Amino acid sequence: MRKELSRWYKVHKRELPWRQTKDPYKIWVSEVMLQQTTASAVIPYYKKWLNLFPSMEALARASRQRVLKTWEGLGYYQRAGNLHQAARMMCRQNACQVPNSYEALIALPGFGPYITAAVLSIAYGQPVPVLDANVRRVVMRLAGLRGQFSPRLDKILLERVRAIFPARNGGDFNQAMMELGALVCRPRNPSCLLCPVQRFCLAFKCGEQEIIPTPKKRNIQEIETVVAIIGDGRRYLIQKRPPHGLMAGLWEFPGGKREKGESLRGALQRECHEELDAEVKVGRLLLKVRHAYTRFRVTLFAFECELTGPRRFKKKNIRWVFLKALKRYPFPSGSAKIVRFLEDAGGRSERGRPIG
Ligand code: SF4
């Protein structure tokens, strides 16, 4: 099976930029980006990242804001924060080198079992099997194991992978398994007739490839958020999210989630009162944006608002920023769309008066 898989991988593997290098730093960056994100979405980000931060040292020296700005649009922002923090730790403790031991890597921020195994096997050629969603699905189907992904099942799957893991070129084997899952043994409609390991596959033999693993019910939540576009004629009011939690450290326009039974305008007044400790007059609806992150589908309503009290804020996380300077700040995708809207309009309404 290993031979068939390896032959197939040599011919069919995609020429991805991170496959042209053995530099542990670059492989680490690519593996972090590839978590929860497709290869085609990652490519432009990977190139831009290495342009700005060609080495671990360059990344460690960069500001948190620049790192988050470079990541803007890729989602799951904690990954960028972890890359930055881990780079700084490696520069302090290991002369800006990625360690080559499991114990040293797993202790670093963002290094779970998957990233650790991927870096050790691909960059350092160590015989450490990886288990990502693609490999899990391939192994479950090959072995005819029904059920859903779970930590208990992971132990069994790892044993199965170890049983077929080669003594040499473990990195290629790991990548071949992941590539097979991405291109052939896909979650839906696997191309079994083109599969190089079909004759070893129990799920195929039993016609169960579509029901292994058991499809997961996605619990998508619809939410509505309201946002205040507050201007002073030249600048806009933005605020920084807390340093921990969802989208930590990103900037956004003041606002938040509409509670059940609240009107949109009422929700915005409450949010501004809670976040800015200020009262606002809510004006016209400027923009409605739909976007999605993790398991949320969000409809965002952006209203033009006017402060009815003082314009000065003592908190450091609240800032007045010129339209041109907004692009230097990292925003989550909903707020980034508002920034583009304001830039396209030049900060002015059709009648020429400043928006906000
Ligand atoms: Fe996956 Fe089908 Fe190949 Fe089995 S035969 S490993 S189900 S693509």
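For the structure given in this document, a descriptive report is provided here. (Residues numbered from 1 in each chain as written. Predicted model: local features only at pLDDT ≥ 70, side-chain atom pairs only at ≥ 80, totals over all residues. Heavy atoms only, no water.)

## What about the overall build of the protein chain?
Okay, step 1: A count of helical and extended segments in the protein chain gives 14 helices and seven strands.
Okay, step 2: Seen along its three principal axes, the alpha-carbon backbone of the protein chain occupies a region of about 70 × 50 × 35 Å.
Okay, step 3: Expressed as a percentage of the 356 residues in the protein chain, the buried residues total 49%.
Okay, step 4: If you take every contact in the protein chain between residues at least 6 apart in sequence, the share linking residues at least 24 apart comes to 63%.
Okay, step 5: With the model as given, the accessible surface of the protein chain reaches about 19,100 Å², and the carbon-plus-sulfur share is 51%.
Okay, step 6: Of the charged side chains in the protein chain, 63 are positive and 30 negative, and the gap between their average positions amounts to 3 Å. (Helix = DSSP H or I, 4+ residues; strand = E, 2+ residues; numbered from the N terminus. Buried < 20%, exposed > 50% of the residue type's maximum accessible area, 1.4 Å probe, protein only. Contact = heavy atoms within 4.5 Å. Areas by Shrake-Rupley, 256 points an atom, 1.4 Å probe, with all protein chains shown as cover. Lys, Arg positive; Asp, Glu negative; His and termini not counted. Charge placed at Lys NZ, Arg CZ, Asp CG, Glu CD.)

## A few points about the environment of Val161
Okay, step 1: Structurally, the position occupied by Val161 is in helix H10 (residues 151–164).
Okay, step 2: On the accessibility criterion, Val161 (2% relative accessible area) is buried.
Okay, step 3: Along the sequence, Val161 and Arg136 sit 25 residues apart, while their C-alpha atoms lie 9.4 Å from each other.
Okay, step 4: For Val161, the residues in contact, after removing those within four places along its chain, are Pro129, Leu131, Val135, Val139 and Phe173.

## Points about the site of the ligand
Okay, step 1: Inspection of the region around the ligand gives Arg141, Val184, Cys185, Cys192, Cys195, Gln198, Cys201, Phe204 and Gln209 as its neighbouring residues.
Okay, step 2: Spatially, the ligand is embedded in the largest cavity.
Okay, step 3: Taken together, the residues of the shell around the ligand sort by class into six nonpolar, two polar and one charged. (Near = heavy atom within 4 Å. 1 Å grid on protein atoms, 1.4 Å probe; cavity = no way out; pocket = protein on both sides within 12 Å on 5 of 7 lines; lining within 4 Å. Sits in = over half its atoms within 2 Å of the grid points. Nonpolar A, V, L, I, M, F, W, Y, C, P; charged D, E, K, R; others polar.)

## Brief notes about the state of the cysteines
Okay, step 1: According to the stated counting rule, one finds one disulfide in the structure shown.
Okay, step 2: Here Cys91 engages in a disulfide with Cys96; their sulfurs sit 2.0 Å apart. Here Cys91 and Cys96 share a disulfide; its torsion about the S-S bond, 115°, makes the bridge right-handed.
Okay, step 3: Judged by relative accessible area, Cys91 falls into the partly exposed class, the value being 21%. (Disulfide = S-S within 2.5 Å.)

## Comments concerning empty space enclosed by the protein
Over the atoms a probe the size of a water molecule is rolled, and this reveals where empty space is left.
Okay, step 1: Throughout the structure, instances matching the rule amount to two cavities of 30 Å³ or more.
Okay, step 2: Of the pockets and cavities examined, the largest cavity occupies roughly 120 Å³.
Okay, step 3: For the largest cavity, the lining is made up of 15 residues, of which Arg141, Cys185, Cys192, Cys195 and Cys201 are closest to its centre.
Okay, step 4: Residue contributions to the lining of the largest cavity peak at three residues, all from helix H9 (residues 133–143).
Okay, step 5: Partitioning the lining of the largest cavity into residue classes produces eleven nonpolar, three polar and one charged.
Okay, step 6: Taken as a whole, the second largest cavity spans an internal volume of roughly 40 Å³.
Okay, step 7: No other element matches helix H2 (residues 24–34), which puts three residues into the lining of the second largest cavity.
Okay, step 8: Its residues assigned to classes, the lining of the second largest cavity shows three nonpolar, two polar and two charged. (Points joined across faces, edges and corners; volume = space filled by probe spheres on them.)

## Focus on the layout of surface pockets
Okay, step 1: When its volume is computed, the second largest pocket comes out at roughly 510 Å³.
Okay, step 2: The wall of the second largest pocket is formed by 28 residues, among which Arg241, Met247, Glu252, Gly255 and Gly256 lie closest to the centre.
Okay, step 3: Elements supplying a minimum of two residues to the lining of the second largest pocket: strand E1 (221–230), strand E2 (235–240), strand E4 (255–257), strand E5 (280–293), strand E6 (296–307) and helix H14 (333–344).
Okay, step 4: The dominant element in the lining of the second largest pocket, judged by the number of residues it contributes, is E1, at four residues.
Okay, step 5: Among the residues forming the lining of the second largest pocket, the class breakdown is 13 nonpolar, nine polar and six charged.

## Here we look at the nonpolar core
Okay, step 1: By size, the foremost hydrophobic cluster in this structure holds 75 residues, and its most contacted members are Tyr25, Trp28, Met33, Trp49, Trp71 and Phe111.
Okay, step 2: The residues that make up this core include at least three from each of domain 1 (1–128) and domain 2 (130–217).
Okay, step 3: If near-sequence neighbours (up to four positions away) are discounted, Trp71 is found in contact with Val32, Met33, Tyr45, Trp49, Tyr76, Tyr77, Arg79, Ala80 and Leu83.
Okay, step 4: In terms of nonpolar packing, the next biggest core, distinct from the first, is built from 22 residues, Phe331, Ile338, Val339 and Leu342 among them. (Core = buried A, V, L, I, M, F, W, Y, C linked by side-chain atoms within 4.5 Å. Domains from an automatic or database assignment.)

## Examining the environment of Cys96
Okay, step 1: For Cys96, the position within the fold is in the loop between helix H6 (78–93) and helix H7 (102–106).
Okay, step 2: By relative accessible area, which is 19% here, Cys96 ends up buried.
Okay, step 3: Separated by 41 residues in the primary sequence, Cys96 and Ser55 place their C-alpha atoms 8.6 Å from one another.
Okay, step 4: Here Cys96 is in contact with Met56, Glu57, Met90 and Cys91, once residues within four sequence places are set aside.

## Side note on the packing of aromatic side chains
Okay, step 1: Evaluated as defined, the whole model comprises eight aromatic pairs.
Okay, step 2: Ring centres of Tyr25 and Trp28 lie 6.2 Å apart, and the angle between their planes is 65°; on these two criteria the pair is classed as edge-to-face. In this pair, Tyr25 and Trp28 are both assigned in helix H2, three residues apart and thus about one turn of the helix distant. A single burial state applies to Tyr25 and to Trp28, both of which are buried.
Okay, step 3: With centroids separated by 5.5 Å and ring planes inclined at 20°, the aromatic side chains of Trp28 and Phe111 adopt a geometry described as stacked. With a gap of 83 residues between them, Trp28 in helix H2 and Phe111 in the loop between H7 and helix H8 (113–124) connect regions that are remote in the sequence. Each member of the pair Trp28 and Phe111 is classed as buried.
Okay, step 4: In textbook terms, an aromatic cluster arises when at least three aromatic residues are bridged by ring pairs, as seen for Tyr25, Trp28 and Phe111. (Phe/Tyr/Trp six-rings, centres within 6.5 Å; stacked < 30°, edge-to-face > 60°.)

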